[in-house]
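# Examining the three-dimensional arrangement
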Amino acid sequence: MPVNRQVVLASRPNGEPVPANFRLQEGEVPEPKDGEMLVRVRAISMEPAIRGWLDDNDKNYFEPLPIGATMMAPAMGQVIKSNLPGYAPGDYIRGLMGWEDYTIANKDTILLQKLDIAEDMPLTYYVGALGGSGLTAIVGLDVIGRMKAGETVVISAAVGAVGHVAAQYAKHKGCRVIGIVGGEKKAKIALEEIGYDAVVNYKDAANLEGAIKEVCPEGVDVYYDNVGGPTLDAMLNNMKTFGRIVCCGMVSSYNCSENPPPLFNAWQIVARELELKGFLLYSYNDHLPAALETNLEGVRSGWLKVMENKKVGIDKAGELFCELMSGKTIGKSVLEMDLPEAGQ
């Protein structure tokens, strides 16, 4: 009989998470009740936002995970048993699932979506470029940023899961695209592999605001913000009047939520009549089918190069998440599940 391997929260991180904060344990495979389905998880998306769910406070959009609870993340899998109308064994679905072999889903599962898997696409893409991070890039630029050809777009965390897709889409749509990165390796990848027009390495910049101004002397139309903190502060003084700021993430403060970095230049939001808007993807479900088609076409036609930081096996889940939160990763961090019941 198969067992259900699960990764649970063993302790709350103090700052940057470490593998000891997570524990791998075994339990029974759950049985779906009426209105539920049993799903074999196939790929798990590692998201910086998960860090906020691990703190015992009310500062996030989800309740904090209790100690001993199964870790959660956006994931995709295949239905094994279904007592939920509209879903059958063999269907692929996506939604918020546990870090576990087998999970229960129902009609109220956050981000629940039935997937039409393309034969020419790896399953892991459906939690990356064809999943939450990739669709976030498109919706953020099109709906929140209202990006237009010829504009200057700046993207922080420029080689990350969202950033590397957003950059290629902005270039494809005819924009000048500038990346903000941390380190020479990331700068090289941004320029040579992703196709940024210029990059700013904040780790080498004596004055980040000035370094951005050097490459954007006429100002910035759209800033896609994945980090918040000092980078957002520097960008406020580099925006054009009526510029748009897409607030997607605040990774600079995820490991220090009790003492987040301040903003000193907030007056520029008024002075430059800026639009600064945060968004969560599940509030824009109507836009997701078109965003998915955009990225599918991008992969097939070649303008979208997918970058993955992938590990295989549920025992690597905690390690992969900690690696992501260290700021050292390139592209989308994704866990591909091993399948011991199939000898894989």
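These lines cover the structure that appears in this document, whether it is placed above or below. Just so it is clear, the model here is predicted, and its values are computed rather than measured.

## Examining helix 2 (residues 132-144)
- Counted residue by residue, helix 2 has 10 buried out of 13 residues, so it is predominantly covered.
- Just beyond helix 2, the residue with positive phi is Arg-146, at close to 45°.

## So, the packing of aromatic side chains
- Summed over the entire model, instances satisfying the criterion amount to five aromatic pairs.
- An angle of 35° between the planes, with centres 5.7 Å apart, marks the rings of Phe-22 and Trp-99 as tilted. Separated by 77 residues along the polypeptide, Phe-22 in strand 2 (residues 22-27) and Trp-99 in the loop between strand 5 (92-98) and strand 6 (102-106) bring together distant segments of the chain.
- Take Phe-22: its relative accessible area is 9%, and that puts it in the buried class.
- Residue Trp-99 is classed as buried on the basis of its relative accessible area, which comes to 0%.
- Aromatic pair Phe-22 and Phe-321: ring centres 5.9 Å apart, planes at 90°, arrangement edge-to-face. Here Phe-321 lies in helix 10 (residues 317-325) and Phe-22 lies in strand 2, a separation of 299 residues in the sequence.
- Through a chain of ring-to-ring contacts, the aromatic side chains of Phe-22, Trp-99 and Phe-321 assemble into a single cluster.
- The cationic tip of Arg-40 hangs over the ring face of Tyr-102; the distance from NZ or CZ to the ring centre is 5.1 Å.
- If you follow Lys-114 out to its NZ or CZ, it ends over the ring of Tyr-87, 5.0 Å from the centre.

## A closer look at the environment of Ser-283
- Structurally, the position occupied by Ser-283 is in the loop between strand 13 (275-278) and helix 9 (288-301).
- Given a relative accessible area of 52%, Ser-283 falls into the exposed group.
- Sequence-wise, Ser-283 and Lys-305 are 22 residues apart; in three dimensions their C-alpha atoms are separated by 27 Å.

## A few points about the pairing of strand 12 (residues 239-247)
- One ladder, built from five bridges, connects strand 11 (residues 220-225) with strand 12; its direction is parallel. Counted as the bridge partner of Val-222 is Arg-244 from strand 12.
- Running through helix 6 (residues 229-236), the crossover from strand 11 to the neighbouring parallel element strand 12 is right-handed.
- Both strand 12 and strand 13 contribute to a ladder of four bridges, which runs parallel. Paired with Arg-244 across the two strands is Glu-275, which belongs to strand 13.

## Here we look at the sheet that holds strand 11
- The parallel open sheet is built from six strands, whose spatial order is 10-9-8-11-12-13. The outermost strands of the open sheet, each flanked by one partner alone, are strand 10 (198-201) and strand 13. Going across the sheet, the axis of each strand differs from the next one's by a mean of 15°, ignoring polarity.
- One ladder, built from five bridges, connects strand 8 (residues 152-156) with strand 9 (residues 176-181); its direction is parallel. The residue of strand 9 that forms the bridge with Ser-156 is Ile-180.
- Across the sheet, helix 2 touches strand 8, strand 11, strand 12 and strand 13, and the angle it forms with strand 11 is around 145°.
- Packed onto the sheet, helix 4 (residues 184-194) meets strand 9 and strand 10 and runs at close to 170° relative to strand 10.

## A closer look at the pairing of strand 9
- A large share of strand 9 lies buried, amounting to five of its six residues.
- Taking the sense of rotation as the criterion, the β-α-β connection linking strand 8, helix 3 (residues 163-172) and strand 9 turns out right-handed.
- Pairing geometry for strand 9 and strand 10, over four bridges, is parallel. From the neighbouring strand, Gly-179 faces strand 10, where its bridge partner is Val-199.
- Once you follow strand 9 into helix 4 and on to strand 10, the crossover reads as right-handed.

## Considerations on the nonpolar core
- Counting 53 residues, the largest nonpolar core has Tyr-126, Leu-141, Ile-155 and Tyr-196 as its most contacted members.
- Contributions of two or more residues to this core are made by helix 2, strand 8, helix 3, strand 9, helix 4, strand 11 and helix 9.
- Broken down by element, this core gets its largest block of residues, six residues, from helix 2.
- Once residues within four sequence positions are removed from consideration, Tyr-126 is found in contact with Met-76, Arg-94, Leu-115, Asp-116, Ile-117, Ala-118, Met-121, Gly-131 and Leu-296.
- Of all hydrophobic cores here, the second largest spans 34 residues; its members include Val-41, Leu-65, Ala-69 and Met-71.

What counts, and at which threshold
- Residues numbered from 1 in each chain as written.
- Predicted model: local features only at pLDDT ≥ 70, side-chain atom pairs only at ≥ 80, totals over all residues.
- Heavy atoms only, no water.
- Buried < 20%, exposed > 50% of the residue type's maximum accessible area, 1.4 Å probe, protein only.
- Helix = DSSP H or I, 4+ residues; strand = E, 2+ residues; numbered from the N terminus.
- Phe/Tyr/Trp six-rings, centres within 6.5 Å; stacked < 30°, edge-to-face > 60°.
- Lys NZ or Arg CZ within 6 Å of the ring centre and 35° of its normal.
- Pairing = 2+ DSSP bridges.
- Right-handed = clockwise from strand over helix to strand, strands pointing away.
- Axes fitted to C-alpha atoms, helices over the stretch in contact; angles between N-to-C directions.
- Contact = heavy atoms within 4.5 Å.
- Core = buried A, V, L, I, M, F, W, Y, C linked by side-chain atoms within 4.5 Å.

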